[in-house]
Amino acid sequence: MPETAQVTTNGDGRDAPAGLEGVVVAHTQIGDVRGLEGFYHYRQYDAIELNRRRTLEDVWYLLFRGHLPDRAERESFAREIAEHRVLPDDLVPFLRTLAATEPYDPLATLRTAISFVAQRSGFRSWLDIPADQLYDNAMLLSAQTPVLVAALHRLREGQLPVPPDPGLSAAANYLYMLSGERPDPQHVWALERYLISTIDHGFNSSTFTARVIASTGADLGAAVVGAIGALSGPLHGGAPSRVLEMLDDIGSPDRAEAWTRAALQRGDRIMGFGHRVYKGKDPRSALLREVATTVGGSTAEFAAAVEDTIVRVLGEEKPGRALNANVEFYAGVVMDACGIPREEFTPTFASSRVIGWCTHVLEQVAGNRLIRPAARYDGQPPPQPVPAGD
Ligand SMILES: CC(C)(COP(=O)(O)OP(=O)(O)OC[C@H]1O[C@@H](n2cnc3c(N)ncnc32)[C@H](O)[C@@H]1OP(=O)(O)O)[C@@H](O)C(=O)NCCC(=O)NCCS
């Protein structure tokens, strides 16, 4: 702080730690992360156990409706999703224009498409619409986001979008809409594990962003678009493609140690390692390591060897920091094995996390209070005389 600065505050004088680390900013019944235990949950269920035993649609239902569905509820939810997946025909020319934009950034393009879908679908401030309409908005964006990702990808490649197949699950549909081919069941299984593992994860930056925007009374589209903006940063959602680039750069397991030491010497962060909350193991990384081992072939073996080396070197170079692989490390390996192109990794992450964002917006508005913290001004003491203009 400059010596001349006066400390003023419009809060109660307490400073939150940098990055709001560990500060409780809301009450939630959606889920939580227990960093020291390496445990996270969706509602009252262990998220890893849910992942092993349930479908993505069941977990989506759990988050939106508060309980796991029975057979009849599952069937009617599947119909609801299928209806909401259908893209209006007049959207395609707009998507075509977006897909041709240079320079091309798939996540920024998705963000723009979602903004358009929300506006075109008449999304309005949740203060002005009934709760069931907001729920419907949440179903629409959650169902259409993967369809938009796939359509934009195909248009970019000079192909026509593949309409969703109402008979396919969310994960199978996604692979089908990307490639136009019936997906391999093992790839569907692997992708579904990834998607479920990333639906929600405590008060991460994009979720917090979505809740801040929703707290102003903004429409749901604004909250999701803002959340995608937060997700776009490499410190949050942009790491999985960088992990594959890193693996390419390392090339072979025997080079991993020297590569890691050189990167740390330069002051670089190793992508796919470290986490704000997990100070032990990230349970998503352990799950996806298993999934990668099943579908990822030699890349998965290589990644596992590199992981072990990087964890050892980080332990030596950054003692006491407990830096382990996070969800992003194996995410890239799993998505790559399923045939998802690298540039679509973060949009694929967004296509499951949108369910979490929407759930949080629904919860935020149910007990809303405008989120408006304070900052401590530590610039030159005001008021200084304003110099006369030239
Ligand atoms: C995720 C992340 C942003 C969490 O950061 P954070 O909670 O703010 O952690 P900090 O910045 O306080 O880091 C603590 C220490 O560990 C180091 N560290 C953290 N993650 C690191 C990484 N991936 N590589 C190298 N060092 C790392 C920091 O440099 C810092 O060391 P220092 O105290 O000597 O300066 C951070 O671990 C990171 O940048 N990881 C790489 C990007 C990534 O994988 N993102 C996906 C997250 S799911």
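In what follows, the accompanying structure is described. (Residues numbered from 1 in each chain as written. Predicted model: local features only at pLDDT ≥ 70, side-chain atom pairs only at ≥ 80, totals over all residues. Heavy atoms only, no water.)

### What to know about the side chain of Gln 144
Topologically, Gln 144 is positioned in helix H6 (residues 131–156). The residues touching Gln 144, leaving out its near neighbours within four places in the chain, are His 84, Arg 85, Val 86, Leu 87, Pro 88 and Val 117. (Helix = DSSP H or I, 4+ residues; strand = E, 2+ residues; numbered from the N terminus. Contact = heavy atoms within 4.5 Å.)

### Concerning the packing of helix H5 (residues 106–120) against helix H16 (residues 345–366)
At a minimum axis separation of 8 Å, H5 and H16 run at an interaxial angle of 35°. The residues of H16 that touch H5, namely those facing Pro 106, Leu 107 and Leu 110, are Thr 346, Pro 347 and Ala 350. Within the contact of H5 with H16, the residues separate by chemical class into five nonpolar, one polar and no charged. (Axes fitted to C-alpha atoms, helices over the stretch in contact; angles between N-to-C directions. Nonpolar A, V, L, I, M, F, W, Y, C, P; charged D, E, K, R; others polar.)

### Notes on the site of the ligand
The immediate surroundings of the ligand are formed by 20 residues, with Ile 270, Gly 272, Phe 273, Arg 276 and Arg 321 found nearest. In the model, an oxygen atom of the ligand is placed 3.2 Å from a nitrogen or oxygen of the Lys 318 side chain. Between an oxygen atom of the ligand and a side-chain N or O atom of Arg 321, the distance comes to 2.7 Å. For the ligand, whose free accessible area comes to 860 Å², the fraction covered by protein is 76%. (Near = heavy atom within 4 Å. Polar contact = N/O pair within 3.5 Å; in protein donor to acceptor, adjacent residues only side chain to side chain. Areas by Shrake-Rupley, 256 points an atom, 1.4 Å probe, with all protein chains shown as cover.)

### Describing the layout of surface pockets
Approximately 1,800 Å³ is the volume found for the largest pocket. Ser 205, His 275, Arg 276, Val 277 and Lys 279 are, among the 50 residues lining the largest pocket, the residues nearest its centre. Those elements giving two or more residues to the lining of the largest pocket turn out to be strand E1 (31–34), helix H9 (205–215), helix H14 (297–317), helix H15 (327–337) and H16. Grouping the amino acids of the lining of the largest pocket by side-chain chemistry returns 21 nonpolar, 17 polar and 12 charged. (1 Å grid on protein atoms, 1.4 Å probe; cavity = no way out; pocket = protein on both sides within 12 Å on 5 of 7 lines; lining within 4 Å. Points joined across faces, edges and corners; volume = space filled by probe spheres on them.)

### Topic: empty space enclosed by the protein
Under the definition given, this model contains three cavities of 30 Å³ or more. Of the pockets and cavities examined, the largest cavity occupies roughly 120 Å³. Along its surface, the largest cavity is lined by 15 residues, and Leu 56, Pro 146, Ala 170, Leu 195 and Ser 351 are the ones closest to its centre. Contributions of two or more residues to the lining of the largest cavity are made by helix H2 (56–65), H6, helix H7 (170–179) and H16. Per element, the largest residue contribution to the lining of the largest cavity is five residues, and it comes from H7. Its residues assigned to classes, the lining of the largest cavity shows 10 nonpolar, four polar and one charged.

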